[in-house]
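Each chain is listed here by its residues.
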Amino acid sequence: MKIVLSDQDFVRQSLELNLFFLRIMKEHAFFIEAAFPCKDSAMIHHAEMLKNQLTMVLSEAVRLADGVLSRNFLAGGEIVTPYTLEAEELTEFYTDVSLNTDITRAELSLVGNDYPHVHSLVDPVAQLNQQAIRVTQSLIDFKVTILNDVLRCRLFTLNYPLLIEHILREARLFVSMLERLQCRTMMDLTSEMIMQEAFWNRIMAEHAKFIRGLLDPTEVQLFNAADQFGHRFDILTAQAEALLHQIADLPAVTEESKQATINIRDFKRQGTEGLITCTIRSIILPLLGDHVLREANHYLRLLNVFQSGRH
Ligand SMILES: [Fe+2]
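Remember, it's a predicted structure, so these values are computed and weren't measured experimentally.

The rules behind these values
- Residues numbered from 1 in each chain as written.
- Predicted model: local features only at pLDDT ≥ 70, side-chain atom pairs only at ≥ 80, totals over all residues.
- Helix = DSSP H or I, 4+ residues; strand = E, 2+ residues; numbered from the N terminus.
- Rg over C-alpha atoms; globule rule 2.2 N^0.38 Å.
- Expected span 1.5 Å × (residues − 1).
- Buried ≥ 20, exposed ≤ 12 C-beta atoms within 10 Å, placed from the backbone.
- Contact = placed C-beta atoms within 7 Å.
- Domains from an automatic or database assignment.
- Nonpolar A, V, L, I, M, F, W, Y, C, P; charged D, E, K, R; others polar.
- Core = buried A, V, L, I, M, F, W, Y, C linked by C-beta atoms within 7 Å.
- Arc of directions from axis to C-beta.
- Axes fitted to C-alpha atoms, helices over the stretch in contact; angles between N-to-C directions.
- Parallel < 35°, antiparallel > 145°, perpendicular 65-115°, else oblique.
- Left-handed = near helix turned anticlockwise from the far one by under 90°.

Caption draft 1: Looking closely at the overall build of the protein chain. If you tally the helices and strands in the protein chain, you get 11 helices and 2 strands. Counting from the amino terminus, helix and strand elements in the protein chain follow one another as β-α-α-α-α-α-α-α-β-α-α-α-α. For the protein chain, whose C-alpha radius of gyration is 19 Å, the value lies close to the compact-globule estimate of 19 Å for 311 residues. With the principal axes as the frame, the protein chain shows a C-alpha extent of 50 × 40 × 40 Å.

Take a look at the structure:
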């Protein structure tokens, strides 16, 4: 069943989606850029170019979103967190790769509005969606090339192959959601819940496994906690996938996913704090900590929306 979107919902959902995902995509370009050996200068240059293009589209999204989105959304920690700016500054210091912290400052000062007038924004937002689709598609093509070359041992990167697959899946989800918005349709709530819960439970499991693999071997407690989150979200992923045949379990899976996501959100928040205050031994860039924290905040908002029965 397809539902047609009002102007209000089209503008709000588009801007929320772009603010969350364009920053995620820009940071993927950064993580790709920072993980190549010096000899791969053409790949580094290409990642830098994509990062700059994504930054431009993100800044347009920020400009359009000012005074339009709800206070609740802005306070949810999915477009920026209290750690983002410091995490970026420290990551720039470590890598000497620039991250454009002006955008972060602009995002931190976005003004909320629970009753915006959106009529004049419909066309600019549709154009923004189109630009976001185009640049994200270029990023997808680049990720596919990197993954293929890495799997054939023609290219080396410090990013795990699973991380490249993971960020490729996120980019494809972003594009498919933008395309659906451009058609002004949305999925019915039940199908949306099953799709998103299966997707994000897997993403949360993989975050736990990346963290586990990037901690120093002496960080035994954190390693074990990450390992347990990996197992817990593997089970939740299987349960969410099984909903297609066992729809009666949907409320229970949603609630369990929410509790697990609250727990991993707290774990990621502590981890990000620990990276910024230099109290954790690892090879994790601080921005990666903040990045996965934002994704947990995003998923938590979706789960809350699902439980309230709204879209
Ligand atoms: Fe992720």
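Caption draft 2: Structural context of helix 6 (residues 122–151). The terminal C-alpha atoms of helix 6 lie 43 Å apart, and with 30 residues this matches the ideal 44 Å at 1.5 Å per residue to within 8%. Along helix 6, the residues that are buried comprise Val-125, Leu-128, Asn-129, Ala-132, Val-135, Thr-136, Leu-139, Phe-142, Lys-143, Ile-146 and Leu-147. Against helix 1 (7–34), helix 2 (41–65) and helix 7 (161–182) lie the buried residues of helix 6. Where helix 6 ends, the next residue or the one after it, Cys-153, has phi of about 60 degrees, a positive value.

Caption draft 3: Representation of the domain arrangement of the protein chain in the model. What the domain assignment lists for the protein chain is domain 1 (1–187) and domain 2 (188–311). Inter-centroid distance (C-alpha atoms) of domain 1 to domain 2 is 19 Å. Residue-level contacts link 25 residues of domain 1 with 24 residues of domain 2. Taken together, the elements giving at least two residues each to the side of domain 1 that touches domain 2 come down to helix 1, helix 4 (84–95), helix 7 and strand 2 (185–187). Residue contributions to the side of domain 1 that touches domain 2 peak at 7 residues, all from helix 4. A class-by-class count of the residues in the side of domain 1 that touches domain 2 yields 15 nonpolar, 6 polar and 4 charged.

Caption draft 4: Seen up close, unusual backbone geometry. Unusually for a residue other than glycine, Asp-96 sits at a positive phi of about 65 degrees. Structurally, Asp-96 can be placed in the loop between helix 4 and helix 5 (101–108).

Caption draft 5: Region of the structure containing the nonpolar core. Of all hydrophobic cores here, the largest spans 85 residues; its most connected members are Leu-22, Met-25, Ala-61 and Met-204. Those elements that provide at least two residues to this core are helix 1, helix 2, helix 6, helix 7, helix 8 (189–214), helix 9 (220–242), helix 10 (250–276) and helix 11 (286–308). Among the elements that line this core, the one with the most residues is helix 1, at 14 residues. Mapping this core onto the domain boundaries places at least three of its residues in each of domain 1 (1–187) and domain 2 (188–311). Once you skip the residues sitting within four places of it in the chain, Ala-61 turns out to touch Leu-15, Asn-18, Leu-19, Leu-22 and Leu-128.

Caption draft 6: Region of the structure containing helix 5. The set of residues buried in helix 5 consists of Ile-103, Thr-104 and Glu-107. Around the axis of helix 5, the buried residues are gathered within 100 degrees of arc, so they sit on the same side. Turned more than 90 degrees from where helix 5 packs its buried face, Asp-102 and Arg-105 sit exposed. Contacts made by the buried residues of helix 5 are with helix 2 and helix 4.

Caption draft 7: Quick peek at the packing of helix 10 against helix 11. In the contact formed by helix 10 and helix 11, the axes pass within 9 Å of each other and the chain directions differ by 155 degrees. Here helix 10 lies roughly antiparallel to helix 11, going by the angle between them. The two elements helix 10 and helix 11 meet at a crossing, and its hand is left-handed. Looking at the contact of helix 10 with helix 11 residue by residue, the classes come out as 12 nonpolar, 8 polar and 5 charged.

Caption draft 8: Highlighting the packing of helix 7 against helix 8. Put simply, helix 7 and helix 8 touch, their axes get as near as 11 Å, and they point 150 degrees apart. One finds that helix 7 runs roughly antiparallel with respect to helix 8. The way helix 7 lies across helix 8 gives a crossing that is left-handed. Only Phe-199, Ile-203, Glu-206 and Phe-210 of helix 8 make contact with helix 7, whose side of the interface consists of Leu-162, Leu-163, His-166 and Leu-173. Here the residues of the contact of helix 7 with helix 8 sort into 6 nonpolar, 1 polar and 1 charged.

Caption draft 9: Inspection of the environment of Asn-201 at higher detail. Looking at the secondary structure, you find Asn-201 in helix 8. Distance from Asn-201 to His-245, taken between C-alpha atoms, is 18 Å for residues 44 residues apart in sequence. The residues touching Asn-201, leaving out its near neighbours within four places in the chain, are Phe-233, Leu-236, Thr-237, Ala-240 and Ser-257.

Caption draft 10: Molecular detail of the environment of Lys-209. Along the chain, Lys-209 falls in helix 8. Judged by the 21 C-beta atoms lying within 10 Å of it, Lys-209 falls in the buried class. In this structure the C-alpha to C-alpha distance between Lys-209 and Asp-227, which are 18 residues apart in sequence, comes to 6.6 Å.

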